[in-house]
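# Tertiary structure, described
The primary structure of each chain is shown beneath.
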Amino acid sequence: MASRTGDLVSSVQPAHQLDIDALFRYLSVHISGFPASPSKFSVSQFGHGQSNPTFLIEVGSGAAVKRYVLRKKPPGKLLQSAHAVDREFQVLRALGDNTLVQVPKVFCMCDDPSVIGTAFYIMEFLEGRIFIDPKLPGMAPERRRAIYRATAKALASIHSADVDMIGLGKYGLRDNYCKRQIERWAKQYVACTAEGKPPAYPKMFELIDWLRQNIPREDSSGTTAGLVHGDFRIDNLVFHPIEDRVIGILDWELSTLGNQMSDVAYTCMPYLVAIGQKEKQIGQGFELAGIPEGIPSLPDFLADYCSAAGKPWPAAEWKFYIAFAMFRGASIYTGVYSRWLMGNASGGDRAQYVGSQANGLIDFALSFIARKSVLPAIPPFGYPQKFGNGNKIHGISEENGRFVPSERVLGLRNKLIKFMEDHIYPMEKEFYKLAQSDSRWTIHPEEERLKELAKKEGLWNLFIPFDSASRARRLIVDGGKQAISENGTDLLLGAGLSNLEYGYLCEIMGRSVWAPQVFNCGAPDTGNMEVLLRYGNKEQLHEWLVPLLEGKIRSGFAMTEPQVASSDATNIECSIKRQGNSYIVNGNKWWTSGAMDPRCRVLIVMGKTDFSAAKHKQQSMILVDVQTPGVHIKRPLMVFGFDDAPHGHAEVSFKNVCVPANNILLGEGRGFEIAQGRLGPGRLHHCMRLIGAAERGMQMMAQRALSRKVFGKFIAEQGSFLADVAKCRIELERTRLLVLEAADQLDRLGNKTARGIIAMAKVAAPNMALMVLDMAMQVHGAAGLSSDTVLAHLWATARTLRIADGPDEVHLGTIAKLELQRAKL
């Protein structure tokens, strides 16, 4: 079973006593919100761990108690460069402020040894669970699997951090990490076994010689380089109190930049050796002693990590990395034992056993080296055979498959999936709760916080095609390379992706109705920003596009009218008449999505500037500030009972609305041209999102079928279900390929040439999503029709897009005409 973090403390050991009064005075000054005159201020010591002494601080009055964690250097003479708590503080702050890696928040760093005797820092206390025993005794098998999967994902999150972007680019040397580590730990091993200390074990020097001669080439090239935790193992993770997910990664004393495979091998040590709390020798790991039910095999765990981190399968160099991990562990244990003999080991009496355990690790490392085979040449069945280089995904190779995302896109995709799992899905019920309350036309504060996190992760404005970004950059900054945002980044213009590349990412966002807006990739803003990116002038870009790119405002697109069939844009009746230096807008619009949002500041309105011009030259588009007198947001419109608050779909009237003449887009009579131009990327995004919505439905359907019984059997065992779910998967996969093909043609051939395949995608995607989601609702029974699941809302959205994104009949007409044209050639 797990130990609660608060249960791992005891009284402060005699060698680690602190000046409580001096500590209180320091914290009162340096921690914001620290209780000024508490009735309680106590310090206890965490017994878990053998490294830097760690203490729990409890301060407050009555039931209102705040908890903090203090981490400091051990007392006494220390090895050079060891126990650098300032580096721990640096890496925790960088990760906590700039990434989604789950680390405790840090408050302050004290370099003044006069306060409590050594340097220290203060971080938040995480109320959760720590699994001391990697066998996870007392846990159900399925929870063991979830815990190990969460562990692999946590390690992958560390290794995915962009150290240059978060200020850790000089945190260490990236190349020759293992080579330098071998020399460092060999030197420290000698120092810990010098005269008057525990004797050296001769076999250690045999191991050191082998390691020096077998360092992988990738170590010197830096291809496996990045942020390294240095002591990553399951008992250095804090899990949520009741959920099987990591909420904190602890003990960063050995962190640096270097070869990340050293972390991976060290994490896998329980599979190979067992190190108990009181045993004098190490025992057999899972591989020999038997893997507890539910815990994945070593290859399965390794595949989970490689898949999440985008790393290649490490079979060729695995022997070295495991031996290296054993060597380093033996060096660390010898140092702990040396400190125990001197009386300053933070682990207390438990440290007396680690000397013999260090020798056991050396013996095991040498026996491991002697093995003929240590890891399968390829990953387990069901995993891609190569990771991290784009060569394999869903069993399609780069040589034989067209639609294989690059390593960069895979990295963004993994970030998106993690963000969705960590932040979007857990908040969906809260978003719905507000959307159904009397305050539903307000913004949930968590949404703005998540938007800032998305920016920090580089998951912002990913929809912007690189060609559109290039045009906007030229206009906004006069061709210069300086950033257009205040924070000195150029992320406002996206990641420079193609439409095909964005398709792999947009699909992930489509799994939740709330996700796209968090990444500033939601409709109609994407389509409106696309219009401005392609057709806006410099002044329009500065006034409206930049705030939209920054996420400070939102927008609406006003074309559909209640009096006419607006699928034919030539039918619209809204008038836009020139009057001096202004245009006067009169008309009624409805289904203006986004106009109800309190952040909505601008509408792109389509109307007619010349009713007597040629049929397709009558229409114009103009930018209208919603705060202009005469703009009246009349009411929200319901979609199968959903009003989609706080976004909404509004009926809007324009009565003598006076708009500056320079708000016209591209010029009078160019509205139809703009409308056709934006029918490409922006509208194809709906198809991409529908793929994600269908995947969410498939996932929920399968989980329900595997957990619910009817007439004595699980739904998943019913023949009719098996046939139906297979048909759903077939429809989903072929629709995904159609959407990717449309995106690819859009990139290579342009909107006009690709209009046929885009029309096919617009027909196929919503119909496929409706089929899958309908099946998912059927499997859920009455629950599937309710608002207790997301299925009904996803279904309503998919059904709406068969009209809102242009009726099926219009798209089918386009497809048929193109087919007949080809027949005439």
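Cut-offs used in this document
Residues numbered from 1 in each chain as written. Predicted model: local features only at pLDDT ≥ 70, side-chain atom pairs only at ≥ 80, totals over all residues. Heavy atoms only, no water. UniProt positions renumbered as here; feature names shortened; annotations may be inferred. Pairing = 2+ DSSP bridges. Helix = DSSP H or I, 4+ residues; strand = E, 2+ residues; numbered from the N terminus. Contact = heavy atoms within 4.5 Å. Axes fitted to C-alpha atoms, helices over the stretch in contact; angles between N-to-C directions. Disulfide = S-S within 2.5 Å. Buried < 20%, exposed > 50% of the residue type's maximum accessible area, 1.4 Å probe, protein only.

The protein chain goes by Acyl-CoA dehydrogenase IBR3 in an unreviewed UniProt entry, where it is assigned to Acer negundo. Under the UniProt heading Cofactor (unreviewed entry), the entry covering the protein chain gives this text: "FAD". Regarding the protein chain, the UniProt comment filed under Sequence similarities (unreviewed entry) reads as follows: "Belongs to the acyl-CoA dehydrogenase family."

A few words on the sheet that holds strand E4 (residues 54-61). Within a beta sheet, neighbouring strands are joined by backbone hydrogen bonds and run either parallel or antiparallel to one another. Across the sheet, which stays open at both edges, the six strands sit in the order E2-E3-E4-E5-E7-E6 with antiparallel pairing between neighbours. Looking at the sheet topology across the chains shown, the edges are occupied by strand E2 (9-10) and strand E6 (106-110). Taken strand by strand, helix H1 (residues 20-30) contacts strand E3 (40-46), E4, strand E5 (64-72), E6 and strand E7 (120-124), and its axis lies near 105° from that of E3. The strands touched by helix H2 (residues 85-98) are E5, E6 and E7; relative to E6, the strand with the most contacts, the crossing angle is about 155°.

Note that the residue after Ala523, namely Pro524, is joined by a cis bond; omega there is 0°. Along the chain, Pro524 falls in the loop between helix H16 (515-518) and helix H17 (525-535). The step from Ala645 to Pro646 runs through a cis peptide bond, and the omega angle for that step is 5°. In this structure, Pro646 sits in the loop between strand E22 (631-636) and strand E23 (649-660). Within the chain, Asn461 stands out as a residue other than glycine whose phi angle is a positive 55°. Mapping Asn461 onto the fold places it in the loop between helix H13 (445-456) and helix H14 (466-477).

With that settled, consider the state of the cysteines. A complete count under the given rule lists zero disulfides for this structure. Free of any disulfide, Cys268 has its nearest cysteine sulfur in Cys306, 9.1 Å distant. Judged by relative accessible area, which is 0%, Cys268 ranks as buried.

Let us look at the pairing of strand E11 (residues 246-249). Examined bridge by bridge, strand E10 (residues 237-239) and E11 share three bridges and lie antiparallel to one another. Counterpart to Leu237 in the pairing with E11 is Ile249. Remark: six residues form the turn of the hairpin made by E10 and E11, two consecutive strands paired antiparallel.

Quick look at H17 now. Among the eleven residues of H17, ten are classified as buried, and the element is accordingly described as predominantly covered. Of all the positions in H17, only Asp525, Thr526, Gly527, Asn528, Met529, Glu530, Val531, Leu532, Leu533 and Tyr535 are classed as buried.

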